[in-house]
Amino acid sequence: MGINWRVLGFTLLGATATASLGGCATLGAHGSSSTAAEQKGTEERAHAEWIEALDRDALAAALGDAGDPGARVGVTARQAQNDIDQPIDFTAALPGDPDARPDDLWERIRHGFALPELDNRRIREQRQIFTGREAFFNALAQRAEPYLYHIVEEIEQRDMPTELVALAIVESAFRPFAYSHGQAAGIWQFIPSTGQAFGLEMTYWYDGRRDWVAATTAALDYLESLAEMFDGDWLLAMAAYNAGQGTVRAAQRRAANAGQETDYWSLRLPAETMAYVPRILALRDILERPQTYRVSLPTIPNEPHIRIVDVGRQIDLGLAAELADLSMETLYTLNPGYNRWATAPDGPHRLVLPKENAERFEEALAEKDPDDFVEWRRHEVSSGETLSHIARQYNVSVDLVRQINDLNGDMLRAGDHLYVPTSSRPEGEYALSAANRLQRLQQRNRTGQRREHVVQSGETFWGIARRYNVGVRELAAWNGMAPGDTLRPQQTLVVWVSGASGSGGLVQASSGAGGNQPNERLQAVTYTVRSGDSLARIAQRFNVSVRDIKRWNNVSAERYLQPGERLQLKVDVTRQSSNI
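## Notes on the overall build of the protein
On a plain count of helices and strands, the protein comes out with 24 helices and nine strands. When the 580 residues of the protein are sorted by exposure, 51% land in the buried category. Taking the contacts inside the protein whose residues are at least 6 apart along the sequence as the reference set, 74% of them involve residues at least 24 apart.

## Considering the pattern of salt bridges
Under the counting rule described, the total for this entry stands at 23 salt bridges. The residue Asp119 makes a salt bridge to Arg127 at a minimum N-O spacing of 3.1 Å. Here Asp119 falls in the partly exposed class, since its relative accessible area comes to 39%. In this structure, Arg413 and Asp416 form a salt bridge, with 3.9 Å as the shortest nitrogen-oxygen distance. Assessed through its relative accessible area of 58%, Arg413 is described here as exposed. Each of Asp119, Arg124, Arg127, Glu163, Arg284 and Asp285 takes part in salt bridges that share partners, so that together they form one network.

## Notes on the pairing of strand 2 (residues 350-354)
Residues in a regular strand project their side chains so that they alternate between the two faces of the sheet. Taking burial as the measure, the five residues of strand 2 include four buried ones, the bulk of the element. Both strand 1 (residues 306-310) and strand 2 contribute to a ladder of five bridges, which runs antiparallel. The residue of strand 2 that forms the bridge with Ile308 is Val352.

## Describing the side chain of His349
In this fold, His349 is placed in the loop between helix 15 (328-334) and strand 2. Side-chain polar atoms of His349 contact the backbone oxygen of Pro345, separated by 3.2 Å. Residue contacts for His349: discarding those within four places in its chain leaves Val309, Asp310, Val311, Gly312, Arg313, Gln314, Tyr338, Thr343 and Ala344.

## As for the environment of Gly195
Mapping Gly195 onto the fold places it in helix 9 (residues 192-197). Residue Gly195 is classed as buried on the basis of its relative accessible area, which comes to 0%. Other than its neighbours up to four places away in sequence, Gly195 contacts Phe190, Leu200 and Met202.

## Here we look at a nonpolar patch on the surface
A contiguous nonpolar surface patch, about 300 Å² in accessible area, is contributed by Trp376, Ile404 and Tyr419. Looking at the element boundaries, Tyr419 is found in strand 4 (residues 417-422). For Tyr419, a relative accessible area of 45% gives the class partly exposed.

## Structural notes on the packing of aromatic side chains
Inspection of every chain in the model, using the stated rule, returns eleven aromatic pairs. When the centroid spacing of 5.4 Å and the interplanar angle of 55° are considered together, the rings of Phe130 and Phe136 count as tilted. Residues Phe130 and Phe136 agree in their burial class; the two are buried. With 5.6 Å between their ring centres and 80° between their planes, Tyr204 and Trp205 make a pair best called edge-to-face. The exposure class assigned to Trp205 is buried, which follows from its relative accessible area of 5%. Among the aromatic residues, those joined into a cluster by ring pairs are Phe190, Phe198, Tyr222 and Tyr241. We note Arg108 situated over the ring of Tyr149; from NZ or CZ to the ring centre the distance is 5.1 Å. Just above the ring of Tyr204 sits the side chain of Arg340; from NZ or CZ to the centre is 4.1 Å.

## Regarding empty space enclosed by the protein
In this approach, a probe sized like a water molecule rolls over the atoms, and the result shows the empty space that is left. Here the structure, examined in full by the defined rule, presents three cavities of 30 Å³ or more. By volume, the second largest cavity amounts to about 60 Å³. As for the second largest cavity, its lining consists of Tyr206, Asp211, Trp212, Leu334, Asn335, Pro336, Gly337, Tyr338, Arg350 and Val352. Looking at the lining of the second largest cavity, its residues break down into six nonpolar, two polar and two charged.

## A word on helix 12 (residues 245-257)
Counted at 1.5 Å a residue, the expected span for helix 12 with its 13 residues is 18 Å, and the 18 Å between its end C-alpha atoms agrees. Three or more residues of helix 12 are buried, namely Thr247, Val248, Ala250, Ala251, Gln252 and Ala255. Those residues of helix 12 that are buried are in contact with helix 11 (234-243). Of the residues one or two after helix 12, Gly259 is the one with positive phi, at around 75°.

## Focus: the nonpolar core
Core analysis: the biggest nonpolar cluster contains 112 residues, and Phe137, Leu148, Phe174, Trp188, Tyr241 and Phe361 have the highest contact counts within it. If we ignore the near neighbours within four places in the chain, the residues touching Phe361 are Val309, Val311, Ile315, Ala320, Leu323, Ala324, Leu351 and Leu353. Val472, Tyr527, Val544 and Ile549 belong to the second largest nonpolar core, which has 31 residues in total.

## Description of the packing of helix 7 (residues 134-157) against helix 10 (residues 212-229)
Packing of helix 7 against helix 10 brings their axes to within 11 Å, and their N-to-C directions diverge by 30°. Between helix 7 and helix 10, the angle is such that the two are roughly parallel. In terms of crossing hand, the pair formed by helix 7 and helix 10 is right-handed. Residues Pro146, Tyr147, His150, Ile151, Glu154 and Ile155 of helix 7 pack against Trp212, Val213, Thr216, Thr217 and Leu220 of helix 10. Among the residues forming the contact of helix 7 with helix 10, the class breakdown is seven nonpolar, three polar and one charged.

## A short note on the environment of Pro301
Tracing the chain through its elements places Pro301 in the loop between helix 13 (271-288) and strand 1. A C-alpha to C-alpha distance of 8.8 Å links Pro301 and Tyr149, two positions 152 residues apart in sequence.

## With respect to helix 10
Compared with an ideal rise of 1.5 Å per residue, which puts 18 residues at 26 Å, helix 10 spans 25 Å between its outermost C-alpha atoms and is within 8% of the ideal. Among all positions of helix 10, only Trp212, Val213, Ala214, Ala215, Thr216, Ala218, Ala219, Leu220, Tyr222, Leu223, Leu226 and Ala227 are buried.

## Some remarks on the environment of Ala539
Mapped onto the elements of the fold, Ala539 is located in helix 23 (residues 535-542). In this structure Ala539 comes out as buried when scored by relative accessible area, which is 4%. When the C-alpha atoms of Ala539 and Val571 are compared, they prove to be 9.9 Å apart, with 32 residues separating the residues in sequence. Setting aside anything within four residues of it in sequence, one finds Ala539 in contact with Val544, Ser545, Val546 and Ile549.

Definitions and cut-offs
Residues numbered from 1 in each chain as written. Predicted model: local features only at pLDDT ≥ 70, side-chain atom pairs only at ≥ 80, totals over all residues. Heavy atoms only, no water. Helix = DSSP H or I, 4+ residues; strand = E, 2+ residues; numbered from the N terminus. Buried < 20%, exposed > 50% of the residue type's maximum accessible area, 1.4 Å probe, protein only. Contact = heavy atoms within 4.5 Å. Salt bridge = Lys/Arg side-chain N within 4 Å of Asp/Glu carboxyl O. Pairing = 2+ DSSP bridges. Polar contact = N/O pair within 3.5 Å; in protein donor to acceptor, adjacent residues only side chain to side chain. Patch = residues over 30% accessible without salt bridge, like charges linked within 9 Å, V, L, I, M, F, W, Y side chains within 5 Å. Areas by Shrake-Rupley, 256 points an atom, 1.4 Å probe, with all protein chains shown as cover. Phe/Tyr/Trp six-rings, centres within 6.5 Å; stacked < 30°, edge-to-face > 60°. Lys NZ or Arg CZ within 6 Å of the ring centre and 35° of its normal. 1 Å grid on protein atoms, 1.4 Å probe; cavity = no way out; pocket = protein on both sides within 12 Å on 5 of 7 lines; lining within 4 Å. Points joined across faces, edges and corners; volume = space filled by probe spheres on them. Nonpolar A, V, L, I, M, F, W, Y, C, P; charged D, E, K, R; others polar. Expected span 1.5 Å × (residues − 1). Core = buried A, V, L, I, M, F, W, Y, C linked by side-chain atoms within 4.5 Å. Axes fitted to C-alpha atoms, helices over the stretch in contact; angles between N-to-C directions. Parallel < 35°, antiparallel > 145°, perpendicular 65-115°, else oblique. Left-handed = near helix turned anticlockwise from the far one by under 90°.

Structure representation (structure tokens):
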């Protein structure tokens, strides 16, 4: 049966990894299996839904902060605790012949579960967070459907446990544009360094962390290496995926030195990782026996929904959408790794397309001259123009202009001619390019009054947040960034402030704008201790003294700092570097 793309348009997208599903309306379930004739007719009707489903209003409603999947379902700790001791039924058997190919993809996933069933307080707490959360699982199924068959195929080909589907749910809830405050992006939430280590490119044109095909390969490569590192212990491997293998190894050494066991359940790890593996196992239990947990999973047909087509060279995504008879929104949703209006000049050049549109696309593409896949302009350099001016004019990178025109430096002369690729449509029509996603995110209505702040050289998130009396994470999230991202001079940030925080309009920072008073420079900071931290290292990082840290937190010099421990600091924001 075809995907309900009209519903999917409302649920698939998220600009950051901090959005809430708790307030979403319950979405319609997918249909069940049908006869061959009915299925053919349904697929034909579904084609029109592909074309019209992801309308701009639905996309605007869908773009939002997307948080930790457990936190977004709106369950209080008290509500969760009330049900923790309810008995759990572990007797339900998988229906049907285990050797038969299931019609439902969820059933296929259940057949691949390989981790032991466990029942302890930490898992029960996580189960209760998701118990009865029908809206969450309906939305999750709608978002996951285009990607899930391919992901399960990849997992099974490697003979890995299909519980890794639950890991992806915990990481992003299958939001292709998810971006966390820790700079992690995409369905599998790779940070830049780990993504690069596993072959994911990040350029002006393309971010492999959001390319769900490439990122799935990288994530499974990473998890395989972690499982091998921890002698096949998947719980430790998953903990290391979250916290890093160094953190888990260090916790094992501490446990061994204390004469304790070194399995996952015996380790003292950062708080997030202590909940991470139990959450994966809790979701596995719910996916295996949804009715036990008052959930009805929408059926996902166990069949491919997409095809991957290699175009072989750079192509304008507007042209690709036209040839495939798709909306631009749908094309970007299936190909979220492309940042701009075209595929990357040096690749990859593959496009993920609905299976019912792929053949049409290939036939139309074969009739096009490959030189017309991207439009070109011959630009005559005017007096005073620079490469950066020209690159901005045509929405391309300076490096690309240099590469295409075989330039070794930035020297240009008036009258020179440069060849520049250019988009075939107005910029606004590339609905989910990085620039348009940011614009929609910044234009969302939020609580308070909207300000615009133009970044000046040397400014940091710390200083700007302090000036407007807002949180650093909130400021970054409003602008589709993480606190560790680099700010550029003249970059415009949106700030939402309370009514008492000043007048409206465009605000530009100045060197004397009230930032030099001693009481305004000091900011209370909660710092989470990382593996390898010491009091001296933390003091150096924040330009404070070890003596002050000990006094603020009543700690002695002899006590060993534990990863995940929180320290209270008072820092001078004018003395902090931008990379804290």
